[in-house]
Amino acid sequence: MHLISKTSQNQLVRCCGEVITDTIIAEIKNSKYFSIIADEASDSSNKEQLSLVIRFVDSKFNIREEFISFLHCTNGVTGEGLFDILLKSISDFSLDIMNCRGQSYDGAGAMAGHTKGLYSRILNLNEKASIVHCYNHRLNLTICASCNVQYVKNLLTHVKEVSYFFNLSPTRQQKLEEHIESTVPSAVKKKLKDVCRTRWVEKVNGLDTFQELFIPLVSCLEEMSLNVSKSFNHSTSSSASSLLKLITGFDFIVAMCITRNVFDLTLPITRMLQSKSNDIYDGLNLIQALKDVVSSLRNVVDQHHQMCYEQALKIAQNINVAETKPRTSFISKKQR
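Read on for a plain summary of the structure. (Residues numbered from 1 in each chain as written. Predicted model: local features only at pLDDT ≥ 70, side-chain atom pairs only at ≥ 80, totals over all residues. Heavy atoms only, no water.)

### Focus on the pattern of salt bridges
One pass over the structure, following the stated rule, counts 12 salt bridges. The partner of lysine 88 in a salt bridge is aspartate 92, with the nearest N and O atoms 3.0 Å apart. Here the residue lysine 88 and the residue aspartate 92 both occupy positions in helix H2 (residues 79-92), the gap between them amounting to four residues, near one helical turn. Assessed through its relative accessible area of 51%, aspartate 92 is described here as exposed. Glutamate 223 is paired through a salt bridge with lysine 175; the nearest N and O atoms lie 3.2 Å apart. One end of the pair, glutamate 223, is in helix H9 (residues 214-226); the other, lysine 175, is in helix H7 (residues 170-183), and 48 residues separate them in sequence. Residue glutamate 223 is classed as partly exposed on the basis of its relative accessible area of 30%. Residues joined by salt bridges that share partners form a network here, namely Lys189, Asp208, Glu212, Arg260 and Asp264. (Salt bridge = Lys/Arg side-chain N within 4 Å of Asp/Glu carboxyl O. Helix = DSSP H or I, 4+ residues; strand = E, 2+ residues; numbered from the N terminus. Buried < 20%, exposed > 50% of the residue type's maximum accessible area, 1.4 Å probe, protein only.)

In structure tokens, the structure reads:
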């Protein structure tokens, strides 16, 4: 028996998964009480799945969050459909829903609806299974709403386009790394990150990386757009020229510096909120601390803006971009 066929390998992986799952379930049963963390999303084949994570305190008093399974939403993604599939899964794992002491979901109606949502249906069975809307998700939603400023929306869109341009081509990525080595040889990061739409930490890290590699990035796009060595085809050269124009405007550079500074304020608290060792009181205190920081910045907003503007001026000088300001139109009293 060689176990080289895909069928044999899949069976072996399945057996390993069952052993690991059984071990985790045994620890949860030993702990008795647990909380449910779940989220619904579509996979690459466009099928709806519910990720199930169990949070519990083990025998050594360590807070654990263990992934249990992806549950195919065969009954749809309504509150009733999610409730049926989750309850069946909990039963299949020989866990008692009456021992559930907490639920944590996002704010979608099917998950957190007060009447027909997943949370309310479980609460009707077990009144001790209290609901907590993920505080990190709430923070992300709040900040995403503030990103409706047109300059910020344009910034994130252009950063994503440039990231795709390099990440989808090994040849372009290699050229970018050459410019990074020659311009900032001490740089640890060599690859742009996608400003992920859903994962806030990745969005912030992606923007940080983009600004840190901005100067070699511009020089790389300049070389590609000129294409003196004829190393790139016309399509690549044209795309590089278009992207170069998008990211070398002074308004883009200013928006990049300001947005990055504001985003970075949220990064420490976002990471801490994702830590499994924090409880609801820690989350409330962290959120209040961030609100206090933002409130204090409002009192010195001119100084903070001046700091960001000086950063933008320095970057603009390094890539030979002139300082420009939006033209303000004068409207006479007769025209009003």
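### Examining the sheet that holds strand S4 (residues 100-105)
With mixed pairing, five strands are arranged side by side in an open sheet as S3-S2-S1-S4-S5. Two strands close off the open sheet at either side, each with one partner strand: strand S3 (63-72) and strand S5 (130-133). Between one strand and the next, the sheet's axes are offset by a mean angle of 25°, whatever the strand orientation. When strand S2 (residues 48-57) meets S3, the two strands line up antiparallel, connected through nine bridges. Looking across to S3, one finds that valine 53 is bridged to phenylalanine 67. Of the strands in this sheet, strand S1 (34-42), S2, S3 and S4 touch H2, which is tilted by about 50° from S2. Its contacts with the sheet place helix H4 (residues 118-125) against S1, S4 and S5, and it is angled at close to 175° to S4. (Pairing = 2+ DSSP bridges. Axes fitted to C-alpha atoms, helices over the stretch in contact; angles between N-to-C directions. Contact = heavy atoms within 4.5 Å.)

### What to know about the packing of aromatic side chains
Overall, the coordinates contain six aromatic pairs when judged by the stated rule. With a centroid separation of 5.9 Å and 55° between ring planes, the pair formed by phenylalanine 210 and phenylalanine 214 is classed as tilted. The exposure classification of phenylalanine 210 matches that of phenylalanine 214, with both residues buried. For the pair phenylalanine 210 and phenylalanine 252, a centre-to-centre distance of 6.2 Å together with 70° between the ring planes defines the contact as edge-to-face. Taken as a pair, phenylalanine 210 in helix H8 (residues 200-212) and phenylalanine 252 in helix H11 (residues 250-273) lie far apart in primary sequence, 42 residues in all. Assessed through its relative accessible area of 5%, phenylalanine 252 is described here as buried. (Phe/Tyr/Trp six-rings, centres within 6.5 Å; stacked < 30°, edge-to-face > 60°.)

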